[in-house]
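Here's the letter readout for the chains.
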Amino acid sequence: MGSLDCCVIGTGYVGLVTGACLADLGHSVVCADRDEAKVAGLATGEVPIYEAGLETVVRRNLEAGRLRFTSDINEAVGESELVFITVDTPSDAEGRADLTNVDEVAREIAAAINGYKVIINKSTVPVGTTKRVQRIIEEAMPEYHEFDVVSNPEFLREGTAVADFKNPSRVVVGSDSQKAIDRMLELYEPMSARVMITDPVSAEMVKYASNAFLATKVSYINAIANLCEVVGADVIEVARGMGHDERIGRQFLMAGPGFGGSCFPKDCRALLHIAREHDYSFDLLEGVLQVNTEQHERMVDKIRRLAGAGDDLAGKVIGLLGLAFKANTDDTRESPAVYVARGLIQDGATVLVFDPEAMERAREELEGASFMADAYDAAQGADVLVLLTEWDEFKWLDYGRVMELMRCPVILDTRNWLDAKALRKLGFTYEGVGR
Ligand code: UDX
């Protein structure tokens, strides 16, 4: 196996993990980003996101000389045969994936192309983007060079990104060119992963279909949880019973405050938009998003009831444990915790928050909350303490001390994460979700 010359454009989550892990496989990688300050930090091994193991991989490969960072996209493309596009595709007002960044990078690649290139799209992009990138490059290229555009969606999860990249359930490669497919097989050869070759449009669809399906699973179990509450069943037992059926599987059956993050909500909206554009009404997926929004609101309703509040929460103090959209990340994008916090603030509550990693990022989106030094401070004088992100450390708090600090010993555990029995024994009023 030879080492391939790769360049990765965009050093967000996917770009940085892709670049660092490809270098770890032995390839020569240059990561390019327009943000010069970010590049300068990365070049010294400073990783701007909280992601387990990432910094180690970045540093190891920087030292070995297999990984470099630059803000000169032109040069990075010029010296690489494989060019990855890993830029953001945020939702626009209608839920459509905004391709401004992808288009711009395609034009930059066109300007820099100097020989055969495989241009690989890892960003989650609407069906048809492989063709679109191809067209942009063809039109913008100052002189003709052979190139292929490949769809190679990334399925890594935040919090376990490095492990997910290295041990993927599958690698999906969408291309009509055997030459490009051969390069992709060579690229992933050191990983011995299951590589699935398909056409570009199907590859693009796999990504949306997978994320929307997982989101559906979460909304489904949340809807079942809501039903469990009224009929007196325990959703944990129900999910356990369902999960034993291999056709259903155990994963993604954890009821909670709803899904969030940079992918599920955005990708569901984008898929709905794609469906609408083709006159297909995807009611099932509309329902998935609706259940999710209602789930955030249900959490606020539960808090209102547990706080014994009337029309508003004025005078009530609510402590929130967790702001990240899930544990082991500092990411608060579309976090259910942030939605809940905003709802409480709007209702007039005094909201005390703590998260082990996400405070800095939450500060930008959460005006009106008090950011506390630790979980105990967030419980100080609280009428209700609400667990919103399933961080391990929240399991091991001294709940005797928490009880002494609170005004009323009431806990809402929106992740069914804590030991309900032990907390009740201590004298807490404990409520979970779907139990
Ligand atoms: C997801 C996909 O899993 C990944 O394959 C894709 O590449 C990017 O999107 P990520 O957004 O990092 O990854 O988070 P994930 O672990 O999938 O969780 C998404 C949301 O669903 C979180 O808010 C999480 O708390 C919630 N969730 C997940 C549940 O509420 N219950 C579950 O059982 C599982």
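Here we summarise the structure given alongside this text. (Residues numbered from 1 in each chain as written. Predicted model: local features only at pLDDT ≥ 70, side-chain atom pairs only at ≥ 80, totals over all residues. Heavy atoms only, no water.)

1. Looking at the nonpolar core
Next up, step 1: One finds Ile318, Leu320, Leu344, Phe394, Tyr399 and Val402 to be the most contacted residues of the largest nonpolar core, which totals 64 residues.
Next up, step 2: The element that contributes the greatest number of residues to this core is helix H13 (residues 336-346), accounting for 5 residues.
Next up, step 3: The contacts of tyrosine 399, once residues within four sequence positions are left out, are Leu321, Phe394, Ile411, Leu418, Leu423, Leu426 and Phe428.
Next up, step 4: The next biggest cluster of nonpolar side chains, apart from the first, holds 39 residues, and it includes Val29, Val47, Val118 and Ala180. (Core = buried A, V, L, I, M, F, W, Y, C linked by side-chain atoms within 4.5 Å. Buried < 20%, exposed > 50% of the residue type's maximum accessible area, 1.4 Å probe, protein only. Helix = DSSP H or I, 4+ residues; strand = E, 2+ residues; numbered from the N terminus. Contact = heavy atoms within 4.5 Å.)

2. Observations concerning the packing of helix H9 (residues 200-231) against helix H12 (residues 283-306)
Next up, step 1: Where H9 meets H12, the closest approach of the two axes is 9 Å, and the angle between their N-to-C directions is 45°. On the basis of their axis angle, the class for H9 and H12 is oblique. Crossing of H9 against H12: the hand is left-handed. On the side of H9, the interface is formed by Ala212, Ala215, Thr216, Ser219, Asn222, Ala223, Asn226 and Glu229, while H12 contributes Leu285, Val288, Val291, Asn292, Gln295, Arg298 and Lys302.
Next up, step 2: Tallied by class, the residues present in the contact of H9 with H12 amount to 6 nonpolar, 6 polar and 3 charged. (Axes fitted to C-alpha atoms, helices over the stretch in contact; angles between N-to-C directions. Parallel < 35°, antiparallel > 145°, perpendicular 65-115°, else oblique. Left-handed = near helix turned anticlockwise from the far one by under 90°. Nonpolar A, V, L, I, M, F, W, Y, C, P; charged D, E, K, R; others polar.)

3. Section: the sheet that holds strand S12 (residues 384-387)
Next up, step 1: Reading across the sheet, the 6 strands line up as S11-S10-S9-S12-S13-S14 and stay open at both edges, with parallel pairing between neighbours. The outermost strands of the open sheet, each flanked by one partner alone, are strand S11 (370-371) and strand S14 (429-431).
Next up, step 2: Across 5 bridges, strand S9 (residues 317-321) lies against strand S10 (residues 350-354) in parallel orientation. Residue pairing in the sheet places leucine 320 in a bridge with valine 353 of S10.
Next up, step 3: Contacting S9, S12, strand S13 (410-413) and S14, H12 runs over the sheet at an angle of about 170° to S13. (Pairing = 2+ DSSP bridges.)

4. Concerning the site of the ligand
Next up, step 1: Around the ligand, a shell composed of 18 residues is seen, among which Phe155, Leu156, Glu158, Met254 and Arg415 lie nearest.
Next up, step 2: Within the contact set of the ligand, an oxygen atom lies 2.5 Å away from a backbone nitrogen or oxygen of phenylalanine 155.
Next up, step 3: Between the ligand and the protein, one listed contact pairs an oxygen atom with a backbone N or O atom of glutamate 158 at 2.7 Å.
Next up, step 4: Expressed as a share of its isolated accessible area of 660 Å², the protein-covered part of the ligand is 92%.
Next up, step 5: For the shell around the ligand, the element with the most residues is H9, which contributes 3 residues.
Next up, step 6: Within the shell around the ligand, the residues separate by chemical class into 10 nonpolar, 2 polar and 6 charged. (Near = heavy atom within 4 Å. Polar contact = N/O pair within 3.5 Å; in protein donor to acceptor, adjacent residues only side chain to side chain. Areas by Shrake-Rupley, 256 points an atom, 1.4 Å probe, with all protein chains shown as cover.)

5. A word on the pattern of salt bridges
Next up, step 1: Throughout the structure, instances matching the rule amount to 31 salt bridges.
Next up, step 2: Between arginine 183 and glutamate 81 there is a salt bridge; the shortest N-O distance is 2.8 Å. Here glutamate 81 lies in the loop between helix H4 (73-78) and strand S4 (82-85) and arginine 183 lies in helix H8 (residues 178-188), a separation of 102 residues in the sequence.
Next up, step 3: Residue class for glutamate 81 comes out partly exposed when judged on its relative accessible area of 22%.
Next up, step 4: Across the salt bridge formed by arginine 361 and aspartate 331, the nearest N and O atoms sit 3.8 Å from each other. On the criterion of sequence distance, the pair formed by arginine 361 in helix H14 (residues 359-365) and aspartate 331 in the loop between S9 and H13 is long-range, its members being 30 residues apart.
Next up, step 5: Given a relative accessible area of 0%, aspartate 331 falls into the buried group.
Next up, step 6: Look at the salt bridges and you will find they share partners, linking Glu158, Asp330, Asp331, Arg333 and Arg361 into a network. (Salt bridge = Lys/Arg side-chain N within 4 Å of Asp/Glu carboxyl O.)

6. Here we look at the environment of isoleucine 236
Next up, step 1: Tracing the backbone shows isoleucine 236 in helix H10 (residues 235-243).
Next up, step 2: Spatially, the C-alpha atoms of isoleucine 236 and valine 338 are 25 Å apart, while their sequence positions differ by 102 residues.
Next up, step 3: Those residues in contact with isoleucine 236 that lie beyond four places of it in its chain are Asn416 and Arg435.

7. Quick look at a nonpolar patch on the surface
Next up, step 1: A grouping of Val127, Val201 and Met205 is seen on the molecular surface, where their side chains present a nonpolar patch of about 200 Å² in accessible area.
Next up, step 2: Relative to the helices and strands, valine 127 resides in the loop between strand S5 (117-121) and helix H6 (129-140).
Next up, step 3: With relative accessibility at 32%, the residue valine 127 sits in the partly exposed group. (Patch = residues over 30% accessible without salt bridge, like charges linked within 9 Å, V, L, I, M, F, W, Y side chains within 5 Å.)

The values reported here are purely geometric and, on their own, carry no functional implication.
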